Amino acid sequence: MDERRKAKALIFFRASVAALLFLSHFFYIKNTSIFLYPRLFYYLIIVIATLSFIYIMVLSRMKRRIHVFLYIQVTIDVFIILCLIIVTGGIESWFLTFLPINVIGAGILLGKQAGLVIAYISSIAYGATIELQFYKIIPVPYNESLGTEDFFYNILTNIIATLLIAYFSRYLIIREESTYRELEKTENEFRNLYALHRDVIESIPNGLFYTDFRGRIMFLNRSAEIITGIERSRIIEMNLSELFNFIDLPLKEGRHNGTIEIGGELRKFIDISISSHRDNYDRAKGFVITFQDITKITEMERRIKEKEKLAAIGELSSNIAHEIRNPLASLRSSVELLREGRAGEDNKKRLMDIAIKETERLDKIITDFLLYSTPRLPDFAEIELGGVLEETIEMLKSSLPKGVGEISVKTDIEDGIVIDGDTDKLKQIFWNLALNAVQSIDSCGEVRISLKKEVPYVKILIADNGTGISRENLQKIFYPFFTTKNKGTGLGLAMVYRIVEDHSGTINVMSKEGEGTTFELILPVKQEVIV
């Protein structure tokens, strides 16, 4: 409260008390013995009213030093109260409590020091007034039974009470000022923090909604208006499902994607994240929804996929042409030599064998490509995976060519693992990976195959200590027609990757040149047909 308002409040309070005293005396207690001098009492009320009018006039003209003006008022009030005490009996007056009330008011209006000053003035003035009454200098009668000691103790107790009240009120005022400063500081910090949060929330590019349990929107930021194309005043109190028709009620935490139409013409792709808002006691209070317009990102992804698809087709065509060109070149050379008759009888049979072998190679390339490009869907059934893997291992051991007998195959297969899968396709995976492991070993080495169940998945590891795969080739091993073998088509691992995907699984490879390679195959226990 500023000083001008304090001065107005003091004038109003003083006038109100004077009016209350006048009315109470006039209507109820005008015949009571405490008002020894009714006429003087009325004069006092008139003086108070006149002073209040003068104070108002002076205050309206004052521009500064209002603090001094307040000091003058509370000092004059001390003597007005003393006059009231005199006209109502002096030492026997009922209005002695007005002095400490004035002291408290001075402390509140003018500060802690002013309360003490007014208390000293009040104490001295009161003591002098009662002394003058005792010596009959002030002609106010009092009970003749009151002696010197009574006057002394009355003065002493009232002075002590006034000073104590001044000190206690000073303490309370100090505490109040300290509390007010802390509160004002906290309020400013809170206001600044609120402004910062508001500015941050309003500045983030993502849309933000806050909803209650029913999905009714309670708060939103500027980006939410821009993305939805609807004004803030219209969005408030709307239900989230009215804005995003792909959101179902009741709201559930998680991510959602869908489209909205703006003005019936523009369609936007929206990505939404819904999170529950909880208090310190982990009680749900509502939902925080963040969302963004991913129309440009979606369109960019579509274009990238189209470019990747065209690039993949181009690379695949190039690889097919490269794979077919080599055997065709051998065929052409052999046929030309046979047609021109330049080959001797001994070479004719060799040239015919080359032509047949290259024809078979072409047929294998085309067959493998057709298997890769138009795979049949897996025929899922419950199978005992350990048995399928052991059959493949037996086939691998029996097919080991002579001269590599020092290659050992070690297994660690857990029994009783049953999954949904296609037996033939899983055998194809195991065979390709195991054969690659054997072929990566130059002369002697070890192939380790393990099968473990880690609910809800099964993990198959096929590892070798062969030559390993270089870092640059490690990123390409699942590409169609990529191979480092002289006679490979480069479709084996590509088909492995396709079959693993058809089984909703994942395949990972870890390798280091000169130390070996490990393929990690993870399959879920339950499969779903991928159409």
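Residues numbered from 1 in each chain as written. Predicted model: local features only at pLDDT ≥ 70, side-chain atom pairs only at ≥ 80, totals over all residues. Heavy atoms only, no water.

Draft legend 1. Main features of the overall build of the protein chain. From N to C terminus, the protein chain includes 15 helices and 12 strands. Within the protein chain, the fraction of its 531 residues that count as buried is 37%. At a minimum sequence separation of 6, the contacts of the protein chain that also span at least 24 residues come to 62%. When the accessible surface of the protein chain is summed, it comes to about 32500 Å², and 58% of that surface belongs to carbon and sulfur atoms. (Helix = DSSP H or I, 4+ residues; strand = E, 2+ residues; numbered from the N terminus. Buried < 20%, exposed > 50% of the residue type's maximum accessible area, 1.4 Å probe, protein only. Contact = heavy atoms within 4.5 Å. Areas by Shrake-Rupley, 256 points an atom, 1.4 Å probe, with all protein chains shown as cover.)

Draft legend 2. Representation of the pairing of strand β10 (residues 457–464) in the model. Relative to β10, strand β9 (residues 445–454) runs antiparallel, the two sharing eight bridges. Of the residues in β10, the one forming a bridge with Lys453 is Val458. Here β9 hands over to β10 after two residues, the two strands then running antiparallel side by side. As defined by bridge partners, β10 adjoins strand β12 (residues 516–524) across eight bridges and the pair is classed as antiparallel. If you follow Asp464 over to β12, its bridge partner there is Thr517. (Pairing = 2+ DSSP bridges.)

Draft legend 3. Quick peek at a negative patch on the surface. Judged by side-chain charge, Glu384, Glu390, Glu394, Glu414 and Asp415 come together as a negatively charged surface patch. Mapped onto the elements, Glu414 comes out in the loop between β7 (407–413) and β8 (418–421). (Patch = residues over 30% accessible without salt bridge, like charges linked within 9 Å, V, L, I, M, F, W, Y side chains within 5 Å. Salt bridge = Lys/Arg side-chain N within 4 Å of Asp/Glu carboxyl O. Lys, Arg positive; Asp, Glu negative; His and termini not counted. Charge placed at Lys NZ, Arg CZ, Asp CG, Glu CD.)

Draft legend 4. Expanded view of the pairing of strand β2 (residues 217–220). By the bridge criterion, three bridges tie strand β1 (residues 207–211) to β2 in an arrangement that is antiparallel. In the strand pairing of β2, Phe209 is matched with Leu220.

Draft legend 5. Structural detail: the confidence of the model for the protein chain. Here the protein chain averages 80 in pLDDT, while 83% of its residues score no lower than 70. Long-range and interchain partners of residues 527–531, a stretch whose pLDDT sits below 50, account for 13 contacts in this model, where long-range means more than four residues apart. (pLDDT = per-residue confidence, 0-100.)

Draft legend 6. Local environment of the packing of aromatic side chains. Tallied over the entire structure, the rule returns 12 aromatic pairs. With 6.1 Å between their ring centres and 55 degrees between their planes, Phe41 and Tyr42 make a pair best called tilted. By relative accessible area, Tyr42 is classed as partly exposed at 28%. Ring centres 5.0 Å apart and planes at 75 degrees place the aromatic pair Phe134 and Tyr135 in the edge-to-face group. Given a relative accessible area of 56%, Tyr135 falls into the exposed group. Aromatic rings pair up to connect Phe134, Tyr135, Tyr142 and Phe151 into one cluster. (Phe/Tyr/Trp six-rings, centres within 6.5 Å; stacked < 30°, edge-to-face > 60°.)

Draft legend 7. Representation of the environment of Gln439 within the structure. One can find Gln439 in helix α13 (residues 423–439). Measuring from C-alpha to C-alpha, the distance between Gln439 and Leu400 comes to 9.8 Å, with 39 residues separating the pair along the chain.

Draft legend 8. Focus on the pattern of salt bridges. For the structure on display, the rule yields 17 salt bridges. For Arg232, the salt bridge goes to Glu202, with nearest N and O atoms at 3.3 Å. Of the two residues, Arg232 is situated in helix α8 (residues 232–235) and Glu202 in helix α6 (residues 148–203); the sequence distance between them amounts to 30 residues.

Draft legend 9. Structural view of the sheet that holds β9. Read across the open sheet, the five strands follow the order β7-β9-β10-β12-β11; overall the sheet is mixed. Edge positions in the sheet fall to β7 and β11 (506–512), since each of these pairs with one other strand and no more. Strand-to-strand, the axes of this sheet are offset by a mean angle of 10 degrees, without reference to chain direction. The pairing of β7 with β9 spans seven bridges and is parallel. Considered in β9, the bridge of Val409 is made with Val447. Running over the sheet, helix α12 (residues 385–398) touches β7, β9 and β10 and is turned about 175 degrees from β7. Seen against the sheet, α13 touches β7, β9, β10, β11 and β12 and runs at an angle of roughly 25 degrees to β10. (Axes fitted to C-alpha atoms, helices over the stretch in contact; angles between N-to-C directions.)

Draft legend 10. Highlighting the packing of helix α3 (residues 66–87) against helix α5 (residues 112–134). For the pair α3 and α5, the least separation of the axes is 10 Å and the interaxial angle reads 30 degrees. Classified by the interaxial angle, the pair formed by α3 and α5 is roughly parallel. Judged by the twist between their axes, the crossing of α3 over α5 is right-handed. The segment α3 lies against α5, with Tyr71, Val74, Thr75, Val78, Phe79, Leu82, Ile85 and Ile86 engaging Gln113, Ala114, Val117, Ile118, Ile121, Ser122, Ala125, Tyr126 and Thr129. Of the residues that constitute the contact of α3 with α5, the class distribution is 13 nonpolar, four polar and no charged. (Parallel < 35°, antiparallel > 145°, perpendicular 65-115°, else oblique. Left-handed = near helix turned anticlockwise from the far one by under 90°. Nonpolar A, V, L, I, M, F, W, Y, C, P; charged D, E, K, R; others polar.)

Draft legend 11. Just helix α2 (residues 38–61), in detail. Taking 1.5 Å per residue as the helical rise, α2 with its 24 residues ought to reach 34 Å, and the 35 Å between its terminal C-alpha atoms agrees with that figure. Three or more residues of α2 are buried, namely Phe41, Leu44, Ile45, Ile48, Leu51, Ser52, Tyr55 and Leu59. (Expected span 1.5 Å × (residues − 1).)

Draft legend 12. Representation of a nonpolar patch on the surface in the model. Taken together, the side chains of Phe152, Tyr153, Leu156, Ile160, Leu164 and Phe168 define a hydrophobic patch exposed on the protein surface, amounting to about 620 Å² of accessible area. Summarising the element assignment, Ile160 is placed in helix α6.

Draft legend 13. Inspection of the environment of Arg283 at higher detail. As for its position among the elements, Arg283 is in the loop between β4 (266–278) and β5 (284–293). When sequence neighbours within four positions are dropped, the list of residues in contact with Arg283 reads His277 and Arg278.

Draft legend 14. Spotlight on the side chain of Arg14. Among the secondary structure elements, Arg14 is positioned in helix α1 (residues 3–27). Here Asp77 takes part through its side chain, which lies 2.7 Å from a polar atom of the side chain of Arg14. If sequence neighbours within four positions are ignored, Arg14 has contacts with Ile48, Ser52, Tyr55, Gln73 and Asp77. (Polar contact = N/O pair within 3.5 Å; in protein donor to acceptor, adjacent residues only side chain to side chain.)

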